[in-house]
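For reference, the chains in residue letters:
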Amino acid sequence: MDGKKIVQIAITLLFIGVVAVIFISISKKEMPVTIVKGNMEHKPLAIKLDATNDTQCKMLIRTERNSAEVVSPDGRTWFFDDPGCMVLWLQEREWADRAFLWVHTIDTGRWVDARKAWYGVTDHTAMHYGFGAREKKCEGCIDFTEMRSRMLRGETLVDPKIRKKLLGV
Amino acid sequence: MERNSHNGNIHGDDETNERDMVVEIENLYRRFDDGSDTFEALSDISLTVARGECVILKGVSGSGKTTLLAIMAGLDRPSSGSVLVEGRAISKLPDRHLSRFRGKHIGMIFQHYNLMEHLSVRDNVSVPLVPAGFSADEIEMMVSEAMEMANISHKSRMEAGRLSGGEKQRTAIARAIAPGPEIVLCDEPTANLDRANAEIFIEILGRLYEKGKTIVVATHDPIFEKLPFPSRVVEMSDGKITE
Amino acid sequence: MNEIILETNTAVYLLSELIVWFMLLIAFIVDIRLLTRWDYGSFDPEQYELEKRAYLVMTVIIFAFAVKAPLLPYFVFTIDELSALVPGAMCGAGVISANGYGLPLLFVKIVTTLSFVLWLTINHYDLEEGDYPWFRLKSLLFIAVFTLVSVELWLDISFFTHIDTTRPTSCCSALFGLLEGENPLPFGLDTKSLLLLFYTLYLVTVGSIAISWNSMTAISSTLFLYISYYAVVYFFGTYIYQLPTHRCPFCMMQKEYFYVGYIVWGTLLGGYFGILSSLVAETLPGVGAERVKRFSALLLTIFVAVCSAYVAYYYIENGVLL
């Protein structure tokens, strides 16, 4: 067997090894959750914490507290770590009015309809927007429509002027 | 290779069509455009030169013979028409190919010699061999043979600028034949020579003919009308072949 | 926008691109005529004229490429310098993601450079033959090149005129579009298997070049390019920056890192382009491009050596790996 043949065999074996490594890695690959399909009951789903990504800001959702979910009319469900992220993401969906919106409240710790929930404006939230979802109305709380307007106008605790006005810092 | 004293055809007149053609020119035109006027230097030239033949392009100044020679050498391109040298359409070759082809197949002797005055005879003769990729020993051998053929070996170390007209012409011959080209083109080679040197030139030309070189000479010197070896005269006038 | 366009490097860069485009426009117009009227077998006056123009077109294109080639690293240098003006951008990576034109522009630039290299390769062998056997092929390829250059120019102008110096941009994470917590490596690879593939594919590529196994060279070099990108960004780069969390393809082109990024990316892309163009050239009858392939193998070897040297240096200095 001449040298060229030996090199060819060696190269072939190495390449087969490369392909094998790739296939083995693919089979072991774990993807974080970003979307769940088939939720035709349009109910809020349990979130796999530290394994689910907020679709808007790409952060991992570490707690259900003040998290949000959007269920489209065709049963696709997206997850958010902050009601503010949900509002920003939703504005580009033409089916937003027909979507089912859920928030996990910070007062009762339950999933409630986001459009019926109340929102504080100075809460400590995942993306620092300040809108903490509540089942019961609190003093100074605003409704969903107002919260949505303020988010879209950028009037959140992320804006230093708003922060100074609301928190004095 | 020995030549017989026929009319230049090795194989005889009846076999002209079967001869190996080194130069084949067909429907050649060369026009010069200066914006407002077009001057036709060559008009519908068709000419063939067989291998080992000697052709004299005869005509007065302005007849187009130098232009025709330059096109044969690939130093100029025609306006239309085909020019085949050794079967290659040299009029269409890109420049770098043309240079290589010319260096290998064509030796050119100019009216004004075009030597490098500050170089020696030996160095002038070696110039075309250097870029052709020959080794130093090969160059040495080829240069010596060429100088011997051109009868200029005894002046090999002399600076070209100090040579006489005849010696310069013989140096130019040596340079032209050093790479061993099959074709030798001469443009008014005796224009600046006296009678004696012109006869020496003719003698060297005869030696090249005996060696089987294909020779084309553009000249109006009557000395070429009675060469001691077979040749064919092609008369030119006003850019056309008349005879 | 004004402060971006009036920044010296940006102005010089855009002006240079415009001049190159104009040169190529002239070549393009002549090329169309050549393509429609070319008949090498003809000895008509028109064909002689076309052959003269063909030589002119080739010269213009080669000159344009000679000017354009350094404009690619100069583009990288320019956007890197602009990071001082764009809030949030720490290097070129942030500036590139300042608007939607940046990444497509970078991609088109790389593809344009590759297509130029292909054209130059075919042109070289076409001229070598002496009777222009691949004239039509390279003329058609030049039409594609010119189209790409025109798109590139439009993207260039759009990119630089749409950089908003009041809106913050983000850095590496925006460029890579990663999900937090997601494994950024392809095929679900971990670092060890990534490096295993990196060195193995290098050996396969160089070995297949040595024995002229072209199909294997094509596959392995393409895979090597893909894997190398991730290897540089997610492993070797961290040793260049000596920071395990610093993963950026651009920062290594800055002065602080002795501009080593130009060597890293230059040898990788240069080696790959060389391989690709030589493989394409060898599909032309009678063409052998062994020297180009061997030079490309040398470039890839330099690439691997430089990357490995940083790891070795860190280990020798500190006794541990990051």
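Residues numbered from 1 in each chain as written. Chains lettered and ligands numbered in written order. Predicted model: local features only at pLDDT ≥ 70, side-chain atom pairs only at ≥ 80, totals over all residues.

**A look at the overall build of chain A**
Assigned secondary structure in chain A consists of four helices and seven strands. In terms of C-alpha radius of gyration, chain A reaches 23 Å, well past the compact-globule figure of 15 Å for 169 residues. Taken along the three principal axes of its C-alpha coordinates, chain A extends 85 × 40 × 30 Å. By residue count, 34% of the 169 residues in chain A fall in the buried class. Summarising the internal contacts of chain A: among those between residues at least 6 apart in sequence, 50% fall at separations of at least 24. (Helix = DSSP H or I, 4+ residues; strand = E, 2+ residues; numbered from the N terminus. Rg over C-alpha atoms; globule rule 2.2 N^0.38 Å. Buried ≥ 20, exposed ≤ 12 C-beta atoms within 10 Å, placed from the backbone. Contact = placed C-beta atoms within 7 Å.)

**Brief notes about the packing of helix H5 (residues 165–177) of chain B against helix H6 (residues 195–210) of chain B**
Pairs of packed helices are described in terms of their axes, by the angle between the two and the distance that separates them. All names here are of chain B. The interhelical angle for the contact between H5 and H6, taken along N-to-C directions, is 15 degrees, at an axis separation of 10 Å. As far as their axial angle goes, H6 and H5 are roughly parallel. The handedness of the crossing between H5 and H6 is right-handed. Along the contact surface, H5 presents Gly165, Gly166, Gln169, Arg170, Ile173 and Ile177, while H6 presents Asn197, Ile200, Phe201, Ile204 and Leu208. (Axes fitted to C-alpha atoms, helices over the stretch in contact; angles between N-to-C directions. Parallel < 35°, antiparallel > 145°, perpendicular 65-115°, else oblique. Left-handed = near helix turned anticlockwise from the far one by under 90°.)

**Quick look at the domain arrangement of chain A**
Frequently, the measure chosen for interface size is the accessible area that the parts lose on association. By domain assignment, chain A separates into domain 1 (1–30) and domain 2 (35–167). Computed over C-alpha atoms only, the centres of domain 1 of chain A and domain 2 of chain A are separated by 49 Å. (Domains from an automatic or database assignment.)

**Description of the interface of chain A and chain C**
Contacts between the two partners involve 21 residues from chain A, matched on the other side by 22 residues from chain C. When its residues are assigned to classes, the side of chain A that touches chain C shows eleven nonpolar, five polar and five charged. (Nonpolar A, V, L, I, M, F, W, Y, C, P; charged D, E, K, R; others polar.)

**Let's talk about the sheet that holds strand S9 (residues 232–237) of chain B**
Residues and elements named next belong to chain B. Ordered in space as S6-S7-S8-S3-S9-S10, the six strands form an open sheet in which the pairing is mixed. Of all strands in the sheet, those with a lone pairing partner are strand S6 (106–109) and strand S10 (240–241), marking the two edges. Sheet analysis places strand S3 (residues 54–58) next to S9, joined by four bridges and oriented parallel. Bridge pairing in S9 places Leu57 opposite Val234. Against the sheet, H5 touches S6 and strand S7 (183–187), its axis set at about 170 degrees to S6. (Pairing = 2+ DSSP bridges.)

**Brief notes about the interface of chain B and chain C**
Across the contact, ten residues belong to chain B and eight residues belong to chain C. At three residues, the largest contribution of residues to the side of chain B that touches chain C is made by strand S4 (residues 80–85) of chain B. Grouping the amino acids of the side of chain B that touches chain C by side-chain chemistry returns three nonpolar, five polar and two charged.

**A few points about the confidence of the model for chain C**
Residue and element names in this part refer to chain C. Mean pLDDT over chain C stands at 88; residues scoring 70 or higher make up 93%. In the model, residues 173–177 has pLDDT below 50 throughout and makes seven contacts with residues more than four positions away in sequence or in other chains. Taken over the whole predicted complex, pTM reads 0.71, whereas the ipTM for its chain interfaces reads 0.76. (pLDDT = per-residue confidence, 0-100.)

**Thoughts on the domain arrangement of chain C**
All names here are of chain C. By the assigned domains, chain C splits into domain 1 (2–173) and domain 2 (178–318). Averaged C-alpha coordinates put domain 1 and domain 2 at centres separated by 25 Å. Taken together, the contact pairs 15 residues of domain 1 with 16 residues of domain 2. Contributing elements (two or more residues each) for the side of domain 1 that touches domain 2: helix H4 (71–82), helix H5 (92–96), helix H6 (102–129) and helix H8 (172–176). In terms of residue count, H6 provides more of the side of domain 1 that touches domain 2 than any other element does, six residues in total.

**Thoughts on the nonpolar core**
By size, the foremost hydrophobic cluster in this structure holds 76 residues, and its most contacted members are Leu24, Leu194, Leu201 and Phe236 of chain C. At nine residues, the largest contribution of residues to this core is made by helix H10 (residues 214–241) of chain C. Residues contacting Phe236 of chain C, with those up to four places away along its chain left out, are Ala231, Cys307, Tyr310 and Val311 of chain C. Within the second largest apolar cluster, 58 residues are counted, among which are Leu57, Leu93, Ala160 and Met236 of chain B. (Core = buried A, V, L, I, M, F, W, Y, C linked by C-beta atoms within 7 Å.)

**Here we look at unusual backbone geometry**
For His128 of chain A, which is not glycine, the phi dihedral falls at a positive 65 degrees. Residue position: His128 of chain A is located in the loop between strand S6 (118–119) and strand S7 (133–134). Since 13 C-beta atoms lie within 10 Å of it, His128 of chain A is described here as partly exposed. In this structure, Tyr259 of chain C is a non-glycine residue whose phi angle is positive, near 55 degrees. Among the secondary structure elements, Tyr259 of chain C is positioned in the loop between H10 and helix H11 (260–281). The class for Tyr259 of chain C is partly exposed, based on 14 C-beta atoms found within 10 Å.

**Observations concerning the environment of Leu72 of chain C**
All names here are of chain C. Its location among the elements puts Leu72 in helix H4. Among the residues examined, Leu72 registers 17 C-beta atoms within 10 Å and is labelled partly exposed. Separated by 34 residues in sequence, Leu72 and Leu106 place their C-alpha atoms 9.1 Å apart. Here Leu72 is in contact with Lys109 and Thr113, once residues within four sequence places are set aside.

**Digging into helix H7 (residues 135–161) of chain C**
Residues and elements named next belong to chain C. Taking 1.5 Å as the rise per residue, H7 with 27 residues should run 39 Å; its terminal C-alpha atoms sit 39 Å apart, in good agreement. For H7, the complete set of buried residues consists of Phe135, Lys138, Phe142, Val145, Phe146, Val149, Glu152, Asp156, Phe159 and Phe160. Residues of H7 that are buried in the fold lie against helix H1 (2–5), helix H2 (8–37), helix H3 (45–68) and H6. (Expected span 1.5 Å × (residues − 1).)

**Overview of the sheet that holds S4 of chain B**
All names here are of chain B. Read across the open sheet, the four strands follow the order S2-S1-S4-S5; overall the sheet is antiparallel. Among the strands making up the open sheet, the edge pair consists of strand S2 (38–50) and strand S5 (88–89). Two elements, strand S1 (residues 21–33) and S4, share five bridges in a ladder whose sense is antiparallel. What sits directly across from Ile25, in S4, is Val83.

**Remarks on H6 of chain C**
Here H6 of chain C is 28 residues long and its end C-alpha atoms lie 41 Å apart, about the 40 Å a rise of 1.5 Å per residue gives. Note on H6 of chain C: the residue one or two positions beyond its end, Gly130 of chain C, has a positive phi of about 95 degrees.

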